[in-house]
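Survey of secondary and tertiary structure
Listed here are the chains, written in short residue letters.
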Amino acid sequence: MNKLERTVASTLQEVAPNFYWVVGLSSFVCLGDTVVLETKDKVQRGEIIRLDEDEAIVKPYNRQTAVGIDTRIYRVSGLTIHPDPSWKGRVVNALGQPVDDKGLIPAGTRAVSLDRDPPPTLKRARVTTLVRTGVRVVDLFTPLYIGQWVGIFAGSGVGKLTLLSMFARSGDFDTVVVGLVGERSREVREFIEDALGEAIEKSVVVISTGDESPMMRRMAPKTAMTIAEHFSYCGESVLLIIDSTTRFAHAARDVAMAAGEPPVARGYTPSVFSELPRLLERVGLGVNSGGAITGVFSVLVDGDDHNDPMADSIRGILDGYIVLSRAIADSGRYPAVDVLASISRLAQHAWTAEQRELVLRLKGLIARYEDTCDLLLMGGYQSGNDPQLDYACQIVPRIYDALCQGGRDRIAGAPFDALARSLSADMNEPAT
């Protein structure tokens with residue numbers, strides 16, 4: 001983190017629980033500038049979130065800031081971090097400061113701003129390299145490319161974090177950057193030690209737990225993105241995991257409402273919907289470095305409503321999405337991926353003509369089976385009346401068994417070959 005360089009001083013005039021009014025600073029600052037407050041105990045940081053002719057509103061990074069009237073406030077140099085290759089294996093907060101009790105973190109030679117523009121549209125390299133995640137259901141139905149950005153849409157408790165950890169342990173990436181936004185404090189250490197495991201040696205973890213301020217939770221994905229960009233510029237293939245994008249949106253909403261911005265859709269403010277693509281579009285292939293950032297963004301679906309405004313907005317930005325179903329998880333099938341609802345916009349480039357035909361046929365069988373599953377359970381259908389349905393009832397449970405996979409199981413080899421071996425001779429569909 002950059003050193004403090006105080007340039008202009010003023011004092012607080014009004015103090016609210018989550019933001020402060022400052023008089024006399026408006027002529028010297030811009031929206032988004034960083035300020036520091038001299039409290040009794042230590043120096044605290046904040047950010048200008050609203051300006052008018054006479055006043056500026058400051059929102060602090062620290063939720064528990066002991067400030068009062070006449071507290072001195074200074075404008076300082078912009079907020080930057082100094083990523084370095086030695087950060088691999090470390091855990092940092094949203095300010096780029098170490099929180100893992102491994103000592104000071106080395107600073108890189110170049111200061112980098114957290115708010116950077118996405119790469120120029122026409123200078124982006126084409127996405128052409130397929131990556132094997134080792135997760136069979138993903139490699140078959142929603143294949144992932146280097147430089148692609150996909151979402152994992154799920155309610156709480158359906159295996160989202162386990163699937164993310166399976167991606168993180170994929171051996172096809174040079175570096176893994178994980179942004180844990182709004183997570184429970186208890187789960188952070190579990191994710192690092194159990195989910196990442198040995199992969200922590202090639203990973204950088206950025207954490208901002210749910211008890212931290214909205215400013216820190218809003219900043220954490222940007223810090224993770226900036227670190228991923230650094231390694232990408234060094235020519236590395238980077239996997240960026242953000243869990244969760246929804247909590248980033250919640251934090252951005254909190255900041256926007258503190259600035260007086262009115263909500264427009266289920267409490268979300270307009271700036272939230274414009275800030276999301278600005279963040280997500282930074283993922284992709286490097287312009288000249290040869291590196292790439294492959295993004296996996298989890299989306300916590302409130303109330304299992306996959307059509308709520310936030311989920312719908314993020315789905316329109318991403319290159320693809322993997323939907324986790326609570327009904328599938330309740331039946332004991334993991335990963336609980338709903339293959340009928342999941343889409344990869346680049347899948348047509350990954351499949352051969354035969355593989356595409358096979359995937360479409362498998363999806364057709366699954367759809368037929370799911371549509372008549374309740375009727376079958378009630379005994380409303382007699383075997384022999386519809387050969388195609390009979391075949392679906394025979395093969396789909398075997399497909400489900402073949403797609404089941406433990407959190408630490410990585411399927412090696414070509415996924416279609418592995419599926420063919422699992423289903424063996426049953427792939428011969430009866431004639432109609």
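First things first, this report covers the structure right here in the doc.

What counts, and where the lines are drawn
- Residues numbered from 1 in each chain as written.
- Predicted model: local features only at pLDDT ≥ 70, side-chain atom pairs only at ≥ 80, totals over all residues.
- Heavy atoms only, no water.
- Phe/Tyr/Trp six-rings, centres within 6.5 Å; stacked < 30°, edge-to-face > 60°.
- Lys NZ or Arg CZ within 6 Å of the ring centre and 35° of its normal.
- Axes fitted to C-alpha atoms, helices over the stretch in contact; angles between N-to-C directions.
- Helix = DSSP H or I, 4+ residues; strand = E, 2+ residues; numbered from the N terminus.
- Parallel < 35°, antiparallel > 145°, perpendicular 65-115°, else oblique.
- Left-handed = near helix turned anticlockwise from the far one by under 90°.
- Contact = heavy atoms within 4.5 Å.
- Nonpolar A, V, L, I, M, F, W, Y, C, P; charged D, E, K, R; others polar.
- 1 Å grid on protein atoms, 1.4 Å probe; cavity = no way out; pocket = protein on both sides within 12 Å on 5 of 7 lines; lining within 4 Å.
- Points joined across faces, edges and corners; volume = space filled by probe spheres on them.
- Salt bridge = Lys/Arg side-chain N within 4 Å of Asp/Glu carboxyl O.
- Buried < 20%, exposed > 50% of the residue type's maximum accessible area, 1.4 Å probe, protein only.
- Arc of directions from axis to C-beta.
- Core = buried A, V, L, I, M, F, W, Y, C linked by side-chain atoms within 4.5 Å.
- Pairing = 2+ DSSP bridges.
- Right-handed = clockwise from strand over helix to strand, strands pointing away.
- Polar contact = N/O pair within 3.5 Å; in protein donor to acceptor, adjacent residues only side chain to side chain.

**Considering the packing of aromatic side chains**
Inspection of every chain in the model, using the stated rule, returns four aromatic pairs. Judged by centre distance (5.1 Å) and plane angle (65°), the rings of Phe-19 and Trp-21 are edge-to-face. With 6.1 Å between their ring centres and 70° between their planes, Tyr-268 and Phe-273 make a pair best called edge-to-face. Above the plane of the ring of Tyr-268 lies Arg-253, whose end atom (NZ or CZ) is 4.7 Å from the centre. Its guanidinium or amino end placed over the ring of Phe-153, Arg-315 lies 5.6 Å from that ring's centre, counting from NZ or CZ.

**With respect to the packing of helix H5 (residues 245-258) against helix H6 (residues 270-280)**
Packing of H5 against H6 leaves a shortest axis separation of 9 Å and a crossing angle of 135°. Taken together, the axis directions place H5 and H6 in an arrangement best described as oblique. Of the two elements, H5 crosses H6, and the hand of that crossing is right-handed. Side by side, H5 and H6 meet where Thr-245, Phe-248, Ala-249, Ala-252, Arg-253 and Ala-256 of the first sit next to Ser-271, Val-272, Glu-275, Leu-276 and Leu-279 of the second. In terms of residue class, the contact of H5 with H6 is built from seven nonpolar, two polar and two charged.

**Section: the environment of Tyr-381**
Here Tyr-381 is to be found in the loop between helix H11 (373-377) and helix H12 (387-403). Excluding residues within four positions of it along the chain, Tyr-381 makes contact with Leu-375, Leu-376, Asp-386, Leu-389 and Asp-390.

**Looking at empty space enclosed by the protein**
Applying the stated criterion to the full structure yields one cavity of 30 Å³ or more. Size it by volume and the largest cavity reaches roughly 60 Å³. Forming the walls of the largest cavity are Pro-17, Asn-18, Lys-59, Pro-60, Asn-62, Arg-63, Ser-213 and Pro-214. Here the lining of the largest cavity is built from residues that sort into three nonpolar, three polar and two charged.

**Considerations on the environment of Val-177**
Tracing the backbone shows Val-177 in strand S13 (residues 175-181). The spatial distance from the C-alpha of Val-177 to the C-alpha of Val-204 is 4.8 Å, given a sequence separation of 27 residues. Beyond its immediate chain neighbours, meaning those up to four positions away, Val-177 contacts Val-204, Ala-224, Ile-227, Ala-228, Val-238, Leu-239, Leu-240 and Ile-241.

**A few points about the pattern of salt bridges**
Enumeration according to the criterion identifies 20 salt bridges in this entry. The residue Arg-116 makes a salt bridge to Glu-229 at a minimum N-O spacing of 3.6 Å. Of the two residues, Arg-116 is situated in the loop between strand S9 (112-113) and strand S10 (130-131) and Glu-229 in helix H4 (residues 214-233); the sequence distance between them amounts to 113 residues. Residue Glu-183 is joined to Arg-247 by a salt bridge in which the shortest nitrogen-to-oxygen separation is 3.4 Å. Here Arg-247 lies in helix H5 and Glu-183 lies in the loop between S13 and helix H3 (185-196), a separation of 64 residues in the sequence. Here the residues in one salt-bridge network are Glu-47, Asp-115, Arg-218, Lys-222 and Glu-275, joined through shared partners.

**Re H6**
What H6 keeps buried is the set Val-272, Glu-275, Leu-276, Leu-279 and Leu-280. Buried residues in H6, looked at end-on, bunch into an arc of 120°, giving them a common side. Considering only its buried residues, H6 is in contact with strand S12 (149-154), H4, H5, strand S17 (292-300) and helix H7 (309-317).

**Digging into the environment of Gly-407**
On the secondary structure map, Gly-407 appears in the loop between H12 and helix H13 (415-423). Residues within four places of Gly-407 in sequence aside, it is in contact with Thr-162, Met-166 and Arg-169.

**Brief notes about unusual backbone geometry**
For residues that are not glycine, phi is negative in most cases, and the peptide bond is trans in most cases. Residues Asp-243 and Ser-244 are joined by a peptide bond in cis, for which omega reads 5°. Relative to the elements of secondary structure, Ser-244 occurs in the loop between strand S15 (237-243) and H5. With a phi angle near 60°, Asp-101 is a residue other than glycine that sits in the positive phi range. Looking at the element boundaries, Asp-101 is found in the loop between strand S8 (90-92) and S9.

**Brief notes about the nonpolar core**
Counting residues in hydrophobic clusters, the biggest one holds 63 residues, and the most contacted among them are Phe-167 and Val-205. Beyond its immediate stretch of four places on either side in the chain, Val-205 contacts Arg-90, Val-91, Val-92, Val-178, Leu-180, Ile-192, Leu-196 and Ile-200.

**What about the layout of surface pockets?**
The calculated volume of the largest pocket comes to roughly 740 Å³. What lines the largest pocket is a set of 32 residues, and nearest its centre among them are Gly-32, Glu-47, Asp-115, Arg-218 and Lys-222. Listed by contribution, the elements that provide at least two residues to the lining of the largest pocket are strand S4 (43-51), H4, H5 and H6. Broken down by element, the lining of the largest pocket gets its largest block of residues, five residues, from H6. Taken together, the residues that form the lining of the largest pocket break down as 14 nonpolar, seven polar and 11 charged.

**Things to note about helix H2 (residues 160-168)**
Taken across its nine residues, H2 has seven buried, putting it largely inside the fold. Within H2 the residues assigned to the buried category are Lys-160, Leu-163, Leu-164, Ser-165, Met-166, Phe-167 and Ala-168.

**Considering the pairing of S13**
Most of S13 is tucked away: seven of the seven residues are buried. Side chains Thr-175, Val-177, Gly-179 and Val-181 of S13 all project onto a buried face; the interleaved residues Val-176, Val-178 and Leu-180 project onto the opposite face, where all are buried too. Two elements, S13 and S15, share six bridges in a ladder whose sense is parallel. Considered in S15, the bridge of Gly-179 is made with Ile-242. Tracing the backbone out of S13, into H3 and back to the parallel element strand S14 (residues 203-208) gives a crossover that is right-handed.

**Structural notes on the side chain of Asp-139**
Relative to the helices and strands, Asp-139 resides in helix H1 (residues 136-141). From its side chain, Asp-139 meets the backbone nitrogen of Gly-134 in a polar contact 3.1 Å long. Discounting residues that sit within four places of it in the chain, Asp-139 has contacts with Val-131, Arg-132, Thr-133, Gly-134 and Pro-415.

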